[in-house]
Amino acid sequence: MSVLSDEEFRNLGVSRQKTKYIKILADAVLSKELDIESLSSKSAKEVREELIKLKGIGNWTIDIYLMFCLQEPDLIPLGDIAVINTIKELLNIHDKLEMEIHAQQWSPYRSYATYLLWHYYLNKRNRKITY
């Protein structure tokens, strides 16, 4: 059962759809359908297979979770618009499959390449990076 009402989520700037997905995730954790603690001992592939089953959790969300929470070093989120636009701009590659093939040469450090692409993207647009 959620502590916050749907209206309280909306007041925090969370859409109805995202509120629904947050509650699905919370219910899965509370019901032990999803054991968050166990994810750190699984491979990226196993984490992806487990999380993708939850409505509202897609590949981009899983990529970001793997990179930031589980510190996966070799992942490039080709569903991220900043990553895609920066690859287009810097490398003149416009096809996602070609991007994936090109990024293979950055393995096993594709996550680090992703951070550099994000920094370039933000810096080019005069957006500050804060931690």
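Bear in mind that the values here come from a model prediction, so they are computed numbers and not experimental data. (Residues numbered from 1 in each chain as written. Predicted model: local features only at pLDDT ≥ 70, side-chain atom pairs only at ≥ 80, totals over all residues. Heavy atoms only, no water.)

Attention now goes to helix 3 (residues 44-51). Inspection of helix 3 places V47, E50 and L51 among the buried residues, and these make up the whole buried set. Seen along its axis, helix 3 keeps its buried residues to an arc of 90 degrees; they face one direction. Residues of helix 3 that are buried make contact with helix 4 (59-68). (Buried < 20%, exposed > 50% of the residue type's maximum accessible area, 1.4 Å probe, protein only. Helix = DSSP H or I, 4+ residues; strand = E, 2+ residues; numbered from the N terminus. Arc of directions from axis to C-beta. Contact = heavy atoms within 4.5 Å.)

In this section: the layout of surface pockets. Considering only enclosed or pocket space, the largest pocket measures out at about 250 Å³ in volume. Counting only elements with at least two residues in the lining of the largest pocket, the list comes to helix 2 (16-30) and helix 4. When residues in the lining of the largest pocket are grouped by element, the largest group, four residues, is from helix 2. Across the lining of the largest pocket, the residue classes tally to nine nonpolar, two polar and one charged. (1 Å grid on protein atoms, 1.4 Å probe; cavity = no way out; pocket = protein on both sides within 12 Å on 5 of 7 lines; lining within 4 Å. Points joined across faces, edges and corners; volume = space filled by probe spheres on them. Nonpolar A, V, L, I, M, F, W, Y, C, P; charged D, E, K, R; others polar.)

Right, let's get into the nonpolar core. Generally speaking, soluble globular proteins have nonpolar side chains that are buried together. L51, I76, V83 and I87 are the most contacted members of the largest nonpolar core, which has 24 residues in total. When sequence neighbours within four positions are dropped, the list of residues in contact with I76 reads D63, V83, I87, A103, W106, R110, T114 and L117. (Core = buried A, V, L, I, M, F, W, Y, C linked by side-chain atoms within 4.5 Å.)

Further remarks concern the pattern of salt bridges. Enumeration according to the criterion identifies seven salt bridges in this entry. As a salt-bridge pair, K42 and E50 come within 2.4 Å of each other at their nearest N and O atoms. Classification of E50 by relative accessible area gives buried; the value is 17%. Residues E49 and K45 are paired through a salt bridge, measuring 2.7 Å at the closest nitrogen-oxygen approach. With E49 and K45 both in helix 3, this residue pair falls four residues apart, about one helical turn. Through salt bridges with shared partners, a single network forms among E89, K124 and R125. (Salt bridge = Lys/Arg side-chain N within 4 Å of Asp/Glu carboxyl O.)

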